[in-house]
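Okay, here's what each chain looks like letter by letter:
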Amino acid sequence: MSAPEVNLLFHQPIADHSFNGDRSQLAVARENKVQLYGRSGNGFVAQDELEGHDKTITSVDIAPNSGKIVTCSQDRNALVWEPSATGWKPTLVLLRINRAATHVRWSPDESKFAVGSGARVIAVCYFEEENNWWVSKHLKKPLRSTVLSVSWHPNSVLLASGSADAHARVFSAFIKGVDKRPEPTVWGERLPFNTVCGEYINSSGGWVHSVAFSPSGDALAFAAHDSSVTVVYPSGPDQPPAAVITVTTQMLPFSTLLWSGENQIVAAGHDCHPLVFEGDHNGWVLAYSVDDPDKAQKETSQESSALNMFRQMDLKGRSGGSSSDDTSLKTIHQNTITAIRPYEGTPDAVTKFSSTGVDGRLVIFSVARP
């Protein structure tokens, strides 16, 4: 297993990040701006900055094929940024929401994107050629609270959401004139817009922070505020699910998750280090930690014990020869991990993933067991 690649980009929280198709460009949400970085050796160098939002940017996503960047913000707006000869050109999206936009993701075919919001709606946005602008249709019922996460099915028609009403749901986001009729799936066959294909509740009533479809699209995983990860296997349209498996942990809550294979999920959040879950429809287990704090070795100071003892007494009012700082965690991330993304491999066999957090770090981890 290769050592994690650690990049301290700045000393401010990172709400979200996204790479382009060949991983040569990185977009990072920093306050009300998006900073663009380019690969330089083993690190990243700042290349550009996108300014257009008035308030904090909550999410960013790069379409891997077209290179278009979509951002959403607490200012209730979304912008699509396209590269041009004079730089990045922003286009305002007509979201029609009266609360903050919380999460945005491109569909796999890049014809649409979905924006979750605090207005209890999901805006499914698509480009209208006639008027040369981005318009939206709203998924409303039965959402009862802020949408915290959205995730697209591989067919670009089904959309999963996780919200603060303790529910994970699967909707049809079929747009007539934009989408072709999808092949039948275990989630349903005839799928008009806003059809609810599945609705699942967290047993503890905890907020659902993150949702994700498996690489095949035949399973759904969601992480909730009770520190659990739930995997749902549907059995067919209008049928009870074949299996709903919940793995409860003693960790702090997870804020983001990623399928690294059909039988493997990576989750991360307030415990500041990623965890790997493994299983199938027969059961799931917490397998291992990618950055296990119990095994982490911290560097020790080479100062003499006498000098160190007096320094500790003077600065911190305590005696002892230890120079370790009580505020330093034994993990690479020093604060909550806010987003993880696939970095290397294929959708059904991710070998490396990237993570960003409140500590301003971008870390590239290997999925393999340490």
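Per chain, the residues get numbers from 1 upward, laid out in the order the sequence is written. Reporting of local features is limited, given that this is a predicted model, to residues whose pLDDT is at least 70; pairs of side-chain atoms are given and counted only at 80 or more, and all residues count toward the totals for whole chains, interfaces and linings. Computation of side-chain values: all heavy atoms of the structure, hydrogens and water removed.

Student: How would you summarise the sheet that holds strand β16 (residues 167–172) if you had to cite specific residues and measurements?
Tutor: In space, the 4 strands of this open sheet follow the order β14-β15-β16-β17, with antiparallel pairing throughout. Among the strands making up the open sheet, the edge pair consists of β14 (147–152) and β17 (196–201). Taking the axes of each pair of neighbouring strands and ignoring which way they run, one obtains an average angle of 15° across the sheet. Here 5 bridges tie β16 to β17, and the two strands are oriented antiparallel to one another. The residue of β17 that forms the bridge with F171 is V196. Note on pairing: DSSP must find at least two bridges between two strands before they are called paired. Secondary structure elements are taken from DSSP: a helix is a run of H or I of four residues or more, a strand is a run of E of two residues or more, and numbering for both begins at the N terminus. Each axis is a line fitted through C-alpha atoms, and for a helix only the stretch in contact is used; angles between axes span 0 to 180 degrees, taken between their N-to-C directions.

Student: Any details on the side chain of D165? Residues and values, ideally.
Tutor: As for its position among the elements, D165 is in the loop between β15 (158–163) and β16. Judged by relative accessible area, which is 14%, D165 ranks as buried. What qualifies as a polar contact is a pair of N or O atoms within 3.5 Å, subject to a donor-acceptor requirement within protein and to the restriction that residues adjacent in sequence count only when both atoms come from side chains. At 3.0 Å, the side chain of D165 and the side chain of R169 are in polar contact. Residues are treated as being in contact if the distance between any of their heavy atoms lies within 4.5 Å. Not counting chain neighbours up to four residues away, the residues in contact with D165 comprise P142, L143, R144 and S145. Think of it in three bands: residues with accessible area under 20% of the maximum for their type are buried, residues over 50% are exposed, and the middle band is partly exposed, with areas taken using a 1.4 Å probe on protein chains only.

Student: How would you summarise the pairing of strand β3 (residues 25–30) if you had to cite specific residues and measurements?
Tutor: With 5 of 6 residues buried, β3 lies mostly within the body of the structure. Pairing between strand β2 (residues 17–19) and β3: 3 bridges, direction antiparallel. What sits directly across from S18, in β3, is A27. Counted between consecutive antiparallel strands, the loop separating β2 from β3 contains 5 residues, among which R23 sits at a positive phi close to 65°. Linking two consecutive strands that pair antiparallel, namely β3 and strand β4 (residues 33–40), is a turn of 2 residues; a positive phi of about 55° is found at E31 within it.

Student: Account for the sheet that holds strand β18 (residues 208–213), naming residues and giving values.
Tutor: One open sheet holds the 4 strands; their spatial order is β18-β19-β20-β21, and the pairing between them is antiparallel. This sheet does not close on itself; its edge strands, each paired only once, are β18 and β21 (243–248). Direction aside, the axes of adjacent strands within the sheet are offset by 15° on average. Looking at chain direction, strand β20 (residues 228–233) and β21 are connected through 6 bridges and run antiparallel. Across the sheet, residue T230 finds its bridge partner in β21, namely T246.

Student: Describe the confidence of the model for the protein, with residues and values.
Tutor: Do not read the predicted coordinates in detail wherever pLDDT is low. Scored by pLDDT, the protein has a mean of 92; 91% of the residues are at 70 or more. The quantity known as pLDDT measures the predictor's confidence residue by residue, on a range of 0 to 100. Across residues 297–304, where pLDDT falls below 50, the model places 6 contacts with residues more than four positions away in sequence or in other chains.

Student: Residue-level account of the environment of L159, with values.
Tutor: Positionally, L159 belongs in strand β15. Judged by its relative accessible area of 0%, L159 falls in the buried class. Residues L159 and F213, spaced 54 residues apart in sequence, show a C-alpha to C-alpha distance of 8.9 Å.

Student: So what about the packing of aromatic side chains? Which residues, and what values?
Tutor: Ring pairs are drawn from Phe, Tyr and Trp, using the six-membered ring of Trp, whenever the two centres fall within 6.5 Å, and their geometry is named by plane angle: stacked under 30 degrees, edge-to-face over 60, tilted for the rest. Evaluated as defined, the whole model comprises 10 aromatic pairs. What links up through ring pairs into an aromatic cluster is the set W106, F113, F127 and W134. Two conditions define a charge sitting above a ring: the NZ of Lys or the CZ of Arg must be within 6 Å of the ring centre, and it must be within 35 degrees of the ring normal. Over the face of the ring belonging to F10 we find R30, whose NZ or CZ atom lies 4.1 Å from the ring centre. Between K137 and the ring centre of F193, over which it is positioned, the NZ or CZ distance is 4.4 Å.

Student: Quick rundown of the pattern of salt bridges? Include the residues and the values.
Tutor: Should a side-chain nitrogen of Lys or Arg be within 4 Å of a carboxyl oxygen of Asp or Glu, the pair is scored as a salt bridge. Scanning the entire structure with this criterion turns up 8 salt bridges. Among the salt bridges present, the one from R341 reaches D61, with a minimum N-O distance of 2.9 Å. A residue pair is termed long-range when its members are at least 10 positions apart, and R341 in strand β26 (residues 337–346) and D61 in strand β6 (residues 57–62) qualify at 280 residues. No difference in accessibility class separates R341 from D61, as the two residues are buried. Here the salt bridges do not stand alone but share partners, grouping D16, D61, R105 and R341 into one network.

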